[in-house]
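Summary of structural features
As a plain string of letters, each chain reads:
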Amino acid sequence: MLVMCLTSSASAAASENETFVEDAAQLRLEETKERLGEDAVQEMEDYLELQKNLPAVVRAMPGGGSALAYAGTNNDSRVVYLNYIDGMDLSDEEKVEYKNKLIDVWDRYPDDIMVTDYAFMAKMAGLMEEEAKKVRDEAHFDEDGNLVIIVNETTQEEPGTNKQTPGFTSIMLIIGLLLSARSRK
């Protein structure tokens with residue numbers, strides 16, 4: 001009888017602890033939804049689900065290229081990248097060629113990406129990195145919900161210094177996601 005009482009109280013205590021943990025996790029999820037909004041949380045969940053199910057050829061794509069490929073899943077991000085190509089120091093023919101190739105990759109993402117896409121995507125990521133070294137952009141939303149972009153020109157470096165620039169592709173992806181999240185509200 002004593003064993004049954006101890007077992008009952010132990011299982012009741014375990015049940016209360018499990019409920020508390022589930023309630024705490026649910027509370028954190030609700031706080032996140034409240035802070036970011038339902039659409040932003042849904043977009044993150046969709047992104048995680050997509051990443052989990054990507055074909056091996058996409059997962060193996062070099063970092064900058066895979067971020068560029070993913071950017072095509074959102075129309076606002078596409079516009080940002082295509083407009084950015086317009087600002088590059090390229091001939092008009094090269095701009096049209098690069099835009100068409102990028103759109104082609106986006107239209108095939110993720111199921112029809114091929115290893116042969118790697119070279120172009122790496123080249124595009126490199127071009128965007130070079131542009132980022134010329135001009136750095138900082139983007140954020142102000143308290144009224146307006147997108148603010150501050151442009152800081154880079155300065156001449158002393159010989160022998162090595163200045164690291166954050167991955168431009170990642171910055172552009174974040175800007176695209178911010179724009180898409182903001183446009184869905």
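Presented here is a report on the structure given in the accompanying data block. (Residues numbered from 1 in each chain as written. Predicted model: local features only at pLDDT ≥ 70, side-chain atom pairs only at ≥ 80, totals over all residues. Heavy atoms only, no water.)

1. Some details on the overall build of the protein chain
A count of helical and extended segments in the protein chain gives eight helices and two strands. Starting at the N terminus and ending at the C terminus, the protein chain contains elements arranged as α-α-α-α-α-α-α-β-β-α. With 185 residues in all, the protein chain has 27% of them scored as buried. (Helix = DSSP H or I, 4+ residues; strand = E, 2+ residues; numbered from the N terminus. Buried < 20%, exposed > 50% of the residue type's maximum accessible area, 1.4 Å probe, protein only.)

2. Quick word on helix H6 (residues 92-108)
Here H6 spans 25 Å end to end across 17 residues, near enough to the 24 Å set by a 1.5 Å rise per residue. Three or more residues of H6 are buried, namely Lys-95, Tyr-98, Leu-102, Val-105, Trp-106 and Arg-108. (Expected span 1.5 Å × (residues − 1).)

3. Looking at the nonpolar core
Residues Met-121 and Met-128 are the most contacted members of the largest nonpolar core, which totals 25 residues. Elements that contribute at least two residues to this core include exactly helix H4 (63-71), helix H5 (75-86), H6 and helix H7 (117-134). Per-element accounting of this core gives the leading share, six residues, to H7. (Core = buried A, V, L, I, M, F, W, Y, C linked by side-chain atoms within 4.5 Å.)

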